[in-house]
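Take a look at the letters that make up each chain.
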Amino acid sequence: MNPQTKVKIAFYWNASCGGCEEAIVDLGEDLFKVLEVVDIVFWPVALDFKLEDVEKLPDGGIDVAIINGGIRFSEHEKVVKLLRRKSKIVVAYGSCAHLGGIPGLANLWSKATIMDYVYLRAPSVVNESNVLPKEVVQTDVGELELPAFLDVLKPLNRVIDVDYYVPGCPPTPNVTLKAIETLLSGKLPQKGAVLGADVRAVCDTCPLNETKPEKLAIKEFRRPHAFIPDPKKCLLAQGLLCLGPVTRGGCEASCVKANMPCTGCFGPLDNVIDFGARALSFIASIIDQKDEEGIRKALGPVVDLVGQVYKFSLPSGLLKDLIKRKEV
Amino acid sequence: MGGPSEQPRIGVYICHCGTNIAGVINVEELTKFASSLPNVVIAKNYQFMCSKPGQEMIIEDIKQHKLNRVVVAACSPRMHEPTFRRCIQSAGLNPYLLEMVNIREHCTWVHEHEPDKALEKSKALVAAAVTRANSLEPLEEKELPVVKSALVIGGGIAGLFAALTLANSGIKVYLVESSPTIGGKMAMLDKTFPTLDCSKCILTPIMNEVANHPNIELLTYAEVVDVQGSVGDFEVKVLLKPRYVDPAKCKACGECAKKCPASAPNEFDLGLSKRKAIYLPFPQAVPTIYTIDPNVCLYFTKRDRMGRPICGVCQKICPAQAVDFNMQPKTVEINVGAVIIATGFETFDPRLKKEYKYGVSPRIITSLEFERILCATGPTGGKVLCPPDWKEVPKRVVFIQCVGSRDLTVDVPYCSKVCCMYTAKQAILYKERVPDGEAYVIYIDVRAAGKGFEEFYRRAVEEFNVTYIKSRVGEVVIDPETNKPIVRVEDALTGYMMELEADLVVLAVGLRPSPSTLKIAELFKVSRSPDGFLQELHAKLYPVQTAVDGVFICGCAQGPKDIPDSVAQAKAAASAALEILSQGFVKTIGYVASVDKDLCSGCGICVSVCPYDAIAIKVENGRRVASVEDVKCKGCGSCAAACPSGAMQQKHFKDAQLIPVVKTLAKM
Amino acid sequence: MSKPDFEPKIIVFACNWCSYAAMDLAGTSRTQYPHNVRIVRVMCSSRVTPEMVLTALAEGADAVLITGCHPGDCHYLVGNYKTLARYTLLKKVLDEVGLGDRVRLEWFSAGEGERFAQYVRSFVEEVKKGALSPKSSTPEEGGLR
């Protein structure tokens, strides 16, 4: 295919574990099919294009920019703004770009506390001269500029205008393929849509949904390490904190099929404003206790409730603007 | 008129309420503010919006300005929402397109000292109401037809009166009773307190009235096994157990029982006498049809070496040829609009109170067993004699109160209400028949609250010299030499300890919910109170209703009580049932739960929260989705709050209708 | 850092049967209380979601009060137990992010008009004080792990 008529795609990773990059590679043989019709113009993890190459492109010269990772550093902000200018469509790929992701839980603590812990007080740190990262460092070969650690980790859409989202930590190969096919099809859905995934929750496609008893009534939740769940029975009904009911489906319940409760990486459904708040409501609704003491007891084993229900989504939704960040 | 897709045209009406509102805030300024809000076509204020001219103003404006939403800022909606709903309805608008703003009870009346702030707050409240008015939708209150017949479960005194009251009001009644005869526990009693009426004498006319009533279909020896549907339209499956005697042919001559070789303990006499395998529970049984007990009858239990039954005597000698060993159980389906549960009680099993040695000595019996001994149709023909030989006249009878009542050691904290009175009665009857005998009642308190009750108890003490000793009996021991029970008593009033040797000990056993009550409760999804009896909807105001619409309770199934209270409750339950049955229809409410099936993932969380079992997960188009039964929904909204996807919403209180209100009030 | 003119906004959710009636009673009794509360009527307190509470706070409310019938008295039998559970879980999260003192749950029977007014008076005072001295909240358990 003529490189001029191929769809120009750019990939970029912000604060990323690399899993989303792997997810692209995980397309396996389907990747070759995609490569037949796309021309990758930027992919730091895999190809040797430089930032200047992107700057040289005309505005809107990139057809689709697929960006993963949360905005943690000033450099991320700089690059995604550049990519926004240069791209017709921007896709937030993976939980971090979509919702903030797991690193978003850092927003519970003040920047000073994070720096202090990570560089000085963490048990495995040896930092006798108490060195903290600086944005400008003098070395014997000159001045070194390091990206600034932003005060708050943000999902992509709080920094640039995002056209579409692909959910998941990371998005599964099926979801990725479907999303890419949609993008290449020319039949684009409404702006802001989530691509490749279901419109209903995980329970809709979970094989264990039909094993639920008529009424769920949990006296006390259990942690996955505490027992071996019956793989043929709904995990929520067994007392595990499975977030399947509140999480967008499309992953084919792969975690549940591996006997692990869903942790919500595909994020909220369309009508939901705050994932964690919705999760709290449904979890509370199936607790079989009538007083505060009993309710707290039901949650006893769940030591980190915020971490459980906001694992991927703390920087999005409603709570993000209300958090009083902790100082320790 | 008034669909969600049309452009809202809102009229805002601000009431002065005389000076109640206008005396605190500037209603003109509020009106001006209201008219500036989005989609407000007209804003007015008036002295008394609820008055005739006030309402007519609204009606006129609706017609003239083609308004399709109305906001009334005035008193509490708990006061006048129905008024203004009717008002806009008369102008052709759906009544749910009204929003009331409470600027009186919640504003001017409580912020008189801060009029500026009150005005500010009123503006915010009106703005929020206009926002909400934009999102209101017309709602329907469906009318569903009601089947004009009723089911009464239980043929005791409560069930009989419930059935008669309904039948006399023109309702077809199915009366289902699990034993072969109606009459219940009252048929087992000798005399009733405080009048000492003969129990059977007042009961049997009622039983016959029920049997002969053209509106009552009596299904005895039958049990309810399945229930579907809801108020106005219950589909009930009733299992008719086989009597092996054709009801159409049996003349109750009794020849079969005379010749029957097999016998068993007589349940009606609580095992104190025997009956045959083919039997009539008692002579006045209704229906008067014999029944064969297949667990005892030799035709069913014994075969010869060739596999043939060894007996069939009753079939051979029955002059009416009514015996039919090939009868099968039959299930019938009945369709009723309301159900009354009157399944009664059972007595507390005194074997649970081991200290009282019930079952160890035949001289220790329950009050109900003593009642059978007192009864002329009982094992002794009404003579007071000691079981099991029926030779000795007991000269000292000790009645122990609160056996299985007010006793946490057997998990029964409540008082059974009737025992103080029935013991006083039994003591009196004993003294009447054995004037030189001694009667002791060992009590904790004497509860004699009803009409004539205290007087009756005083008669026992003063006229019949029954000795009342206040004590909690710790133990009954059996004297190894005499084999007589000795009751150990510590008199709380004198402090004296005594050991009362008794010829007969009568345990005043408490009332417990019957096993069939528990089964029926499960079938109908009626919840149980902490004491185990059926839970009424409201302890004070709705004693015969349950949380399940159309299902009523009465008699001892609801809690321990005596005959007058059972009858009163039975009639109350019938009257409550008639409220539904005589109208001919039931209405759903407008603000029911409603599910978007395209968004529903069938997770089932909503089903878990509904207090009325109004939601079920059904398979539709290959997918599991929630389905709401409008007639059962009471509009609490808990399911909508629980729904993790937003698929379940509550009409009139959708997220899309409430969230904008919250935002407006938080912002302004 | 003092804000003498600070007038907090408190959103109150009230159930149609008990707590809204209590608020009406405060009105008919002319019991005076601060203007800072704005009442939202729902049929049952169990309609109130954590999302609604967070929306109120995110859009400018300084505090939220959820009210309903006393346990055992719910017009819909068990709705308020669900409210209690949802509130307890939300409170756990709010405590961790320093907002625990901003959201409350309180039961009012239809006859408790005076008690409601009293509650509003003290709640408004507390929120006012809270705004003047920002609290640093501590994590509920263990801190950083």
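So, how was this worked out
- Residues numbered from 1 in each chain as written.
- Chains lettered and ligands numbered in written order.
- Predicted model: local features only at pLDDT ≥ 70, side-chain atom pairs only at ≥ 80, totals over all residues.
- Heavy atoms only, no water.
- Contact = heavy atoms within 4.5 Å.
- Buried area = accessible area lost by both parts, 1.4 Å probe.
- Salt bridge = Lys/Arg side-chain N within 4 Å of Asp/Glu carboxyl O.
- Polar contact = N/O pair within 3.5 Å; in protein donor to acceptor, adjacent residues only side chain to side chain.
- Helix = DSSP H or I, 4+ residues; strand = E, 2+ residues; numbered from the N terminus.
- Nonpolar A, V, L, I, M, F, W, Y, C, P; charged D, E, K, R; others polar.
- Buried < 20%, exposed > 50% of the residue type's maximum accessible area, 1.4 Å probe, protein only.
- Pairing = 2+ DSSP bridges.
- Patch = residues over 30% accessible without salt bridge, like charges linked within 9 Å, V, L, I, M, F, W, Y side chains within 5 Å.
- Areas by Shrake-Rupley, 256 points an atom, 1.4 Å probe, with all protein chains shown as cover.
- Disulfide = S-S within 2.5 Å.
- Phe/Tyr/Trp six-rings, centres within 6.5 Å; stacked < 30°, edge-to-face > 60°.
- Axes fitted to C-alpha atoms, helices over the stretch in contact; angles between N-to-C directions.
- pLDDT = per-residue confidence, 0-100.
- Core = buried A, V, L, I, M, F, W, Y, C linked by side-chain atoms within 4.5 Å.
- Left-handed = near helix turned anticlockwise from the far one by under 90°.

Comments concerning the interface of chain B and chain C
Between chain B and chain C, the residue contacts involve 46 residues of the former and 43 residues of the latter. Summed over both partners, the interface of chain B with chain C buries about 3,800 Å², with 58% contributed by carbon and sulfur atoms. By the criterion of area lost to chain C, the three top residues of chain B are Arg78, His106 and Val662 of chain B, representing 16% of everything that side buries. Applying the counting rule to chain B against chain C returns 4 salt bridges. Remark: the boundary between chain B and chain C carries 22 residue pairs in polar contact (both at pLDDT 80 or more). For the side of chain B that touches chain C, the secondary-structure elements that each account for two or more residues are α3 (77-90), α4 (104-108), α5 (115-135), α17 (638-642), β34 (648-650) and α18 (655-667) of chain B. The greatest single-element share of the side of chain B that touches chain C, amounting to 9 residues, is contributed by α18 of chain B. Residues of the side of chain B that touches chain C, tallied by class, amount to 23 nonpolar, 11 polar and 12 charged.

Here's the deal with helix α2 (residues 50-58) of chain C
Where burial is concerned, most of α2 of chain C is hidden: 8 out of the 9 residues are buried. Every buried residue belonging to α2 of chain C is among Pro50, Glu51, Met52, Val53, Leu54, Thr55, Ala56 and Leu57 of chain C, and all of these are buried. In the core, the buried residues of α2 of chain C are packed alongside α9 (275-285) of chain A, α18 of chain B together with β1 (10-15), β3 (63-68), α3 (79-96) and β4 (103-107) of chain C. Just downstream of α2 of chain C lies Gly60 of chain C, where phi reads positive at about 130°.

Topic: the side chain of Asp24 of chain C
With respect to the secondary-structure elements, Asp24 of chain C resides in helix α1 (residues 19-28). There is a polar contact of 2.5 Å between the side chain of Asp24 of chain C and the side chain of Ser76 of chain B. Only 3.1 Å separates the side chain of Asp24 of chain C from the side chain of Asn102 of chain B, close enough to count as a polar contact. The residues touching Asp24 of chain C, leaving out its near neighbours within four places in the chain, are Ser76, Arg78, Asn102, Glu105 and His106 of chain B.

Here we look at the pairing of strand β11 (residues 222-230) of chain B
With 8 bridges connecting them, β11 of chain B and strand β12 (residues 233-240) of chain B associate as antiparallel partners. Paired with Asp226 of chain B across the bridge in β12 of chain B is Lys237 of chain B.

Structural notes on the pattern of salt bridges
Scanning the entire structure with this criterion turns up 71 salt bridges over all chains. When salt bridges with common partners are traced through the structure, they connect Arg278 of chain A, Asp655 of chain B together with Arg47 and Glu51 of chain C into a single cluster.

A closer look at the environment of Lys258 of chain B
Topologically, Lys258 of chain B is positioned in helix α8 (residues 255-259). Residues Lys258 of chain B and Ile278 of chain B, 20 residues apart in the sequence, show an inter-C-alpha distance of 9.4 Å.

A word on the interface of chain A and chain B
The interface of chain A with chain B comprises 23 residues on the first partner and 22 residues on the second. Counting the surface chain A buries against chain B, the share from its top three residues, Arg200, Lys215 and Arg278 of chain A, is 29%. Joining chain A to chain B, the criterion identifies 3 salt bridges. Asp204 of chain A is the partner of Arg623 of chain B in a salt bridge, and the nearest nitrogen-oxygen pair spans 3.4 Å.

What about a nonpolar patch on the surface?
Residues and elements named next belong to chain A. Nonpolar side chains collect at one region of the surface, where Val118, Tyr119 and Leu132 lie side by side and expose about 230 Å² of accessible area between them. On the secondary structure map, Tyr119 appears in helix α6 (residues 111-121). Tyr119 sits in the partly exposed class, given a relative accessible area of 34%.

Focus on the state of the cysteines
The tally for this structure, following the rule as stated, stands at 1 disulfide over all chains. Of all cysteine sulfurs in the structure, the one in Cys253 of chain B sits closest to Cys318 of chain B, which takes part in no disulfide; the separation is 5.9 Å. A relative accessible area of 15% means that Cys318 of chain B is categorised as buried. Among the cysteines around Cys636 of chain B, which has no disulfide bond, Cys44 of chain C carries the closest sulfur, lying 5.4 Å off.

Considerations on the packing of aromatic side chains
Residues and elements named next belong to chain B. Enumeration over the complete set of coordinates arrives at 19 aromatic pairs over all chains. Measuring from centroid to centroid gives 5.3 Å for Tyr299 and Phe300, while their planes differ by 75°, and the two rings are edge-to-face. For Phe300, a relative accessible area of 26% translates into the label partly exposed.

Concerning unusual backbone geometry
Between Val286 of chain B and Pro287 of chain B the backbone carries a cis peptide bond, its omega angle lying at 0°. Residue placement: Pro287 of chain B occurs in the loop between β15 (278-279) and β16 (291-292). You will see that Glu252 of chain A, though not glycine, has its phi angle at about 60°, which is positive. With respect to the element layout, Glu252 of chain A can be found in the loop between α7 (173-185) and α8 (254-257). Residues other than glycine seldom take positive phi values, yet Trp390 of chain B does so here, at roughly 60°. Looking at the secondary structure, you find Trp390 of chain B in the loop between α11 (367-374) and β21 (396-403).

With respect to the sheet that holds β4 of chain C
Residue and element names in this part refer to chain C. Strands sit in the order β2-β1-β3-β4 across an open sheet of 4 strands; the sheet is parallel. Single-partner strands in this sheet number two, and they are β2 (37-42) and β4. Within the sheet, the average angular offset between the axes of one strand and its neighbour, ignoring direction, is 20°. The sheet contact formed by β1 and β3 spans 4 bridges and is parallel. Following the sheet pairing, Phe13 is matched in β3 by Ile66. The strands touched by α3 within the sheet are β3 and β4, with β4 carrying the most contacts at an inclination of about 155°.

Quick word on the confidence of the model for chain C
Should the pLDDT be low somewhere, the predicted coordinates at that spot are not to be read in detail. All names here are of chain C. Mean pLDDT over chain C works out to 86, with 87% of the residues at or above the 70 mark. For the stretch residues 132-145, pLDDT sits under 50, and the model shows 28 contacts to residues farther than four places along the chain or on other chains. In the model output, the complex is listed with pTM 0.82 alongside ipTM 0.93.

Considering the nonpolar core
Judged by nonpolar contacts, the single largest core of 214 residues is most densely connected at Leu156 and Phe221 of chain A together with Val12, Ile58, Val72, Ile103 and Met648 of chain B. Ranked by residues supplied to this core, first place goes to α5 of chain B with 10 residues. Excluding anything up to four places from it in sequence, Leu156 of chain A contacts Asn14, Ile67, Ile71, Val80, Val90, Val91, Ala92, Ala97 and Val162 of chain A. Counting 59 residues, the second-largest nonpolar core is a separate cluster that includes Phe370, Leu374, Leu429 and Val476 of chain B.

Points about the side chain of Ser19 of chain C
Positionally, Ser19 of chain C belongs in helix α1. Overall, Ser19 of chain C belongs to the buried group, its relative accessible area being 0%.

Brief notes about the sheet that holds strand β4 (residues 98-102) of chain B
All names here are of chain B. Strand order in this open sheet of 4 strands is β2-β1-β3-β4, and the pairing throughout is parallel. Of all strands in the sheet, those with a lone pairing partner are β2 (40-46) and β4, marking the two edges. The average angle at which neighbouring strand axes cross in this sheet is 15°, direction not considered. Pairing of strand β1 (residues 10-15) with strand β3 (residues 69-74) involves 5 bridges; the strand directions are parallel. Directly across from Tyr13, in β3, lies its bridge partner Val72.

With respect to the packing of helix α12 (residues 419-433) of chain B against helix α13 (residues 453-463) of chain B
Residues and elements named next belong to chain B. One way to put it is that α12 packs onto α13 with a least axis distance of 9 Å and a crossing angle of 40°. Viewed along their axes, α12 and α13 form a crossing whose handedness is left-handed. Residue-level inspection shows Met421, Ala424, Lys425 and Ile428 of α12 in contact with α13, the latter providing Phe453, Phe456 and Ala460. Of the residues contributing to the contact of α12 with α13, the split by class is 6 nonpolar, no polar and 1 charged.

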